[in-house]
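The chain contents come next:
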Amino acid sequence: MEPSVFFLPDWPPDLSPLLWIALAVVGAALAGEWIRHHLGLPRITAYPVVGMLVAAIAGNRLVAEHGDWLRTGLDIALAILLFELGSRVDLRWLRHNRWLLVTSICESLAAFGAVFAVSRYLGVAITPAVLLGAIGMATSPAVIMRVVAESNAQGQVSTRLLILTALNTIYAVVTVHLAMGVLHQRYSGDWVLAITHPLYLLGAGLLVGKLLAMAVSGLALRDEYASIILLGLVLMTIGLIEALRLPVTLCMLFAGIVLRNGERRAWVFPRHFGSVGGVLVIMLFLVAGMQIKVEHLFTGGFLALVLIGARSLAKLTGVLLLARPAGVSWRQGLLLGLALSPAAGPVMVAAADLGRLYPELQVTLIPVAMSAAAIMELVGPVIVALCLKWSGERRD
Amino acid sequence: MIDETENELPEFSQSAPLTLGVELELQIIGSQDYNLIGSAPDLLREMTGRKHPGDVKPEITDSMIELSTDICQDYQDALTQLRSIRNELVHQADRLGIMLSGGGTHPFQHWGQQAIFDAPRFHHLSQLYGYLAKQFTIFGQHVHIGCACPDQALWLLHAFSRYIPHLITLSAASPFVQGIDTGFQSARLNSVFAFPLSGRAPFALSWDDFSTYYRKMIATGVVKSMKDFYWDIRPKPEFGTIELRVMDTPLTVERAAQIAAYAQALASYLLKEKPFEPQEDDYLVYTYNRFQACRFGYDGRLVVPGTAEQRVIRDDILRTMATIEMHAYDLGSTEALNLLRTEVLQGRNGASEVRAAQASEGSLEEVVRQGSERWAGRLS
């Protein structure tokens, strides 16, 4: 029907998906405040739930239609977050306490083994199982960073949680890239390629990291207005990273680590930098929630719990075994081990990629991996928050 | 320990005259933000079973820890013990990814963020004093000096009062409080003065008189034991010592040992030469002198008790050092005295070093980092 007056909108008006996303952001932020105030839970617990609800109401096309700019936003959020996480890694500590490094390797290997074994049991071929195991090593940096920041926690459990998360994320990214290389048969028997690939990742990643670190420390970003410069620098770095075909995760972690350890001078990550990323983090968790498909929870829920259980147990064992030599009490070891369990968001992305490559996995693996990620997305922050509370390091 | 009132003073123990004991309260600092961190329980847990002389104990907030030596014969003994405990503490702190530091205050901590160490006595103090207890997150050096008998202890205590400005100036290391340069050399003592039972001990030269005073105070219900007196110098009957409590924790254990040696030589001079008899009237200028030392350090002016003579604190210290030189020699602390004298001549103490670091670095975080390196003996 032709509108009677040309400047009036159609009836019913054509609501763009952007409106829905904006509504979801506001809803998520409000729900986050509510859940924190009334239930004492971390704000980010609410974000994926709201995302799930919005996706259920508005349908799948939300993310698909705005994939591009959403992805950029999420990349920035993640990049700033990882930059800060990297800047929390004190390499001197690892030198003084070798057992902490051993703990990190132990818990990562154990998690890898557990996820690999369960995937094999589910009938996944060796290479994708390696890939899954590699992803399973990583603790979700976003969840850890946000919950630690929100509970204002300080102490052995929270500091170790940050450093172990940074380290296992680095292991995971490198292993994933290697496994992908094998998977796509890029190396095809060429050992030089197989060896130079990780060297390129680490070397070039370190170089990009160094560049960003130099820019940040050189520009002396002091107040809130400098946040826009940081934002610009991070965007430039992301561009550079993409041009060099490097993983964002790795480069940003390296940048943080270089910034912190590059010189002896004291360096504290400015609080307002974190708040730039903090707002974007809502989007990160919201979009993760939107990708949760309820039907997956029904088909793969049980096996997902097995997968999560095995992985969490492996991480816990790895930490607990070395708790005393590494200098934490049994109780702290227990809480640290449990707090490492939140899985990384990339699980979903990787699982989706694998599903496209191997359609036969659509039935077996994908629902399990997807629902495992979904469960951890929802439960992870609560576990971390409780562990920090019980460790007595929360100071809100 | 809390509700039990010690109605009688404990028996004054015998101790060899002029033996030393040193206690240092330390800052525990997080390596993420260089602020105080409540890691005393972690550090104490990791220290249990480690071999070192002396003792390591909790303090009122859990971002503080106190180390103490065993009884030391002389300067070298104290220095060796202090270094040995320091090394073990630093080693454990390194394992925990935390740092330790000397200095009378943390330059930018906010007392509101401190947590009371979980022990009945500390909770009691926190209840009684409210925010004062948390504001008591300050770090001092205590030096015990052995006395043959209680009357000697009281005599020495009051004779020492006129040298309190020296000890304050030599140890002063707390110019910054809550991020602000206070203009003081020892701002820490201003926090101590807020306590109702701080200040000087009552003028009693015999143990009987002192016991009478103590019983009267107990009867008022104001105090429950000697621990409730926060005097600048207080007798410690259990150890058979007097305890000098005005010093800031210096930035290094070496400086702490030198200051202990200075106090020991001074005690030897006072006890053996009896250059004057302590008077109640000595205290007329006491708080003025003490303030001058806290505020201006070496450049402060003190009034010599019993006269109206004004002296610059620097000159008074140098003059005293010359007087007690032979006593220091006999006690084996000539080296300590010489090192201290150099500092006095150059007008240097912890406060001036902290200020110099802030002037050249422009960042209190970096000042704290350098402070912890200096404490660990990794920075010359």
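Cut-offs and rules
Residues numbered from 1 in each chain as written. Chains lettered and ligands numbered in written order. Predicted model: local features only at pLDDT ≥ 70, side-chain atom pairs only at ≥ 80, totals over all residues. Helix = DSSP H or I, 4+ residues; strand = E, 2+ residues; numbered from the N terminus. Buried ≥ 20, exposed ≤ 12 C-beta atoms within 10 Å, placed from the backbone. Contact = placed C-beta atoms within 7 Å. Nonpolar A, V, L, I, M, F, W, Y, C, P; charged D, E, K, R; others polar. Core = buried A, V, L, I, M, F, W, Y, C linked by C-beta atoms within 7 Å. Arc of directions from axis to C-beta. Axes fitted to C-alpha atoms, helices over the stretch in contact; angles between N-to-C directions. Parallel < 35°, antiparallel > 145°, perpendicular 65-115°, else oblique. Left-handed = near helix turned anticlockwise from the far one by under 90°. Pairing = 2+ DSSP bridges. pLDDT = per-residue confidence, 0-100.

Caption draft 1: Local environment of the overall build of chain A. Counting its secondary structure elements, chain A contains 18 helices and zero strands. Residues counted as buried form 47% of the 396 residues belonging to chain A.

Caption draft 2: Representation of the overall build of chain B. Helices and strands together make up the secondary structure of chain B, namely 15 helices and 13 strands. On the principal axes, the C-alpha backbone points of chain B span a range of 55 × 50 × 40 Å. In chain B, which comprises 380 residues, the proportion classed as buried is 48%. Taking the intrachain contacts of chain B between residues at least 6 apart in sequence as the baseline, contacts between residues at least 24 apart amount to 77%.

Caption draft 3: Fine view of the environment of Ser 217 of chain A. Residues and elements named next belong to chain A. Mapped onto the secondary structure, Ser 217 falls in helix H10 (residues 191–219). Judged by the 16 C-beta atoms lying within 10 Å of it, Ser 217 falls in the partly exposed class. Put simply, Ser 217 and Ser 329 are 112 residues apart on the chain and 37 Å apart in space, counted from C-alpha to C-alpha.

Caption draft 4: Here's a closer look at the interface of chain A and chain B. Facing 14 residues of chain A, the contacting portion of chain B comprises 20 residues. Elements supplying a minimum of two residues to the side of chain A that touches chain B: helix H5 (91–96) and helix H9 (156–183) of chain A. Split into classes, the residues belonging to the side of chain A that touches chain B amount to three nonpolar, eight polar and three charged.

Caption draft 5: Representation of the nonpolar core. By size, the foremost hydrophobic cluster in this structure holds 115 residues, and its most contacted members are Leu 284 and Leu 286 of chain A. Excluding its chain neighbours within four sequence positions, the residues that come into contact with Leu 284 of chain A are Leu 74, Ala 77, Leu 78 and Ala 142 of chain A. Counting residues in hydrophobic clusters, the runner-up holds 97 residues, among them Ile 60, Ala 78, Leu 167 and Ala 261 of chain B.

Caption draft 6: Region of interest: helix H1 (residues 40–47) of chain B. Residues and elements named next belong to chain B. For H1, every residue scored as buried is listed here: Ala 40, Asp 42, Leu 43 and Glu 46. Buried positions in H1, seen along its axis, are confined to an arc of 160° and lie on one side of it. In the segment just after H1, Gly 49 is the residue with positive phi, at about 85°.

Caption draft 7: How the structure looks around the packing of H10 of chain A against helix H11 (residues 227–243) of chain A. Residue and element names in this part refer to chain A. Two numbers describe how H10 lies on H11: the axes approach to 11 Å, and their chain directions differ by 165°. Comparing the axis directions of H10 and H11 gives the class roughly antiparallel. As for how H10 packs across H11, the hand of that crossing is right-handed. Contact residues: H10 offers Val 208, Leu 212, Ala 215, Val 216 and Leu 219, while H11 offers Ile 229, Leu 230, Leu 233, Thr 237, Leu 240 and Ile 241. Partitioned by chemical class, the residues of the contact of H10 with H11 number 10 nonpolar, one polar and no charged.

Caption draft 8: Molecular detail of the pairing of strand E2 (residues 55–58) of chain B. All names here are of chain B. Bridge count for E2 against strand E3 (residues 64–68) is four bridges, and the pairing is antiparallel. For Pro 58, the partnering residue across the bridge sits in E3 and is Ile 65. Hairpin connection, E2 to E3: the antiparallel pair is bridged by five residues.

Caption draft 9: Expanded view of the pairing of E3 of chain B. In this sheet, E3 of chain B lies alongside strand E1 (residues 20–30) of chain B in antiparallel orientation, the contact comprising five bridges. Note on E3 of chain B: the bridge partner recorded for Glu 23 of chain B is Ser 68 of chain B.

Caption draft 10: Just the confidence of the model for chain B, in detail. Averaged over every residue, the pLDDT of chain B is 92; residues scoring 70 or more account for 98%. Reported confidence for the predicted complex is 0.86 by ipTM and 0.89 by pTM.

Caption draft 11: Region of interest: unusual backbone geometry. All names here are of chain B. Of note, Leu 18 is a non-glycine position whose phi angle comes to about 70°, a positive value. Here Leu 18 lies in the segment before E1. Since 21 C-beta atoms lie within 10 Å of it, Leu 18 is described here as buried. You will see that Gln 178, though not glycine, has its phi angle at about 50°, which is positive. Structurally, Gln 178 is set in the loop between strand E6 (176–177) and strand E7 (180–181).

Caption draft 12: Geometry of the packing of helix H6 (residues 164–171) of chain B against helix H9 (residues 253–273) of chain B. Residues and elements named next belong to chain B. Where H6 contacts H9, the two axes come as close as 10 Å, and the packing angle between them is 165°. Taken as axis vectors, H6 and H9 run roughly antiparallel relative to one another. Pair H6 / H9 crosses with right-handed handedness. Residues Leu 167, Leu 170 and Ser 171 of H6 form the contact with H9, whose own contacting residues are Ile 259, Tyr 262 and Ala 263. Here the residues of the contact of H6 with H9 sort into five nonpolar, one polar and no charged.

Caption draft 13: Molecular detail of the environment of Ala 369 of chain A. Examined against the element boundaries, Ala 369 of chain A turns out to sit in helix H18 (residues 361–390). For the pair formed by Ala 369 of chain A and Asn 261 of chain A, sequence separation is 108 residues and the distance between their alpha carbons is 36 Å.

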